[in-house]
Amino acid sequence: MTEEQEIPYVNISTDNTFFIHQPKYSNWKCYLFGNRPGGNGIMYVPSEGRVPNRFVRFMMRICFDCLWVKDT
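Summary of the structure given here. (Residues numbered from 1 in each chain as written. Predicted model: local features only at pLDDT ≥ 70, side-chain atom pairs only at ≥ 80, totals over all residues. Heavy atoms only, no water.)

1. Here we look at the state of the cysteines
Taken as a whole and judged by the stated rule, the model has zero disulfides. Cys63 takes part in no disulfide bond, and the closest cysteine sulfur, belonging to Cys66, lies 9.3 Å away. (Disulfide = S-S within 2.5 Å.)

Right, dumping it as structure tokens:
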């Protein structure tokens, strides 16, 4: 099997040099499992365009005590 797979955020130039690019992050932060801004808990920042919708954020707040904050 000699299928070529496209790897996200990795570019291979013609001289077999690899370039790894970090994804752009969104301006949303999720403070997980009871953590709040300024705390020492777990924080998640999704990639740009991968932020969950309002209903998912609401259910995460109710079920898991996660707080989503949008940076201004």
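That shown, we press on.
2. Observations regarding unusual backbone geometry
A positive phi angle, close to 55°, is found at Phe33, a residue other than glycine. Its location among the elements puts Phe33 in the loop between β3 (28-31) and β4 (43-44). Looking at Phe33, the relative accessible area reads 57%, which means it is exposed. (Helix = DSSP H or I, 4+ residues; strand = E, 2+ residues; numbered from the N terminus. Buried < 20%, exposed > 50% of the residue type's maximum accessible area, 1.4 Å probe, protein only.)

3. Considering the packing of aromatic side chains
Scanning the model with the defined rule gives three aromatic pairs in all. Residues Trp28 and Trp68 carry aromatic rings whose centres are separated by 6.4 Å and whose planes lie at 70° to one another, so their mutual orientation is edge-to-face. Pair noted here: Trp28 is in strand β3 and Trp68 is in strand β5 (residues 67-70), with a separation of 40 residues, a long-range link. Each of the two residues, Trp28 as well as Trp68, counts as buried. On the basis of an interplanar angle of 85° and a centroid distance of 6.4 Å, the ring pair of Phe33 and Phe64 is categorised as edge-to-face. Here the residue Phe33 occupies a position in the loop between β3 and β4, and Phe64 occupies one in helix α1 (residues 54-64), the gap between them amounting to 31 residues. Taken together through their ring pairs, the aromatic side chains of Trp28, Tyr44 and Trp68 make up a single cluster. Directly above the ring of Trp28 sits Arg57, whose terminal nitrogen or CZ lies 4.3 Å from the centroid. (Phe/Tyr/Trp six-rings, centres within 6.5 Å; stacked < 30°, edge-to-face > 60°. Lys NZ or Arg CZ within 6 Å of the ring centre and 35° of its normal.)

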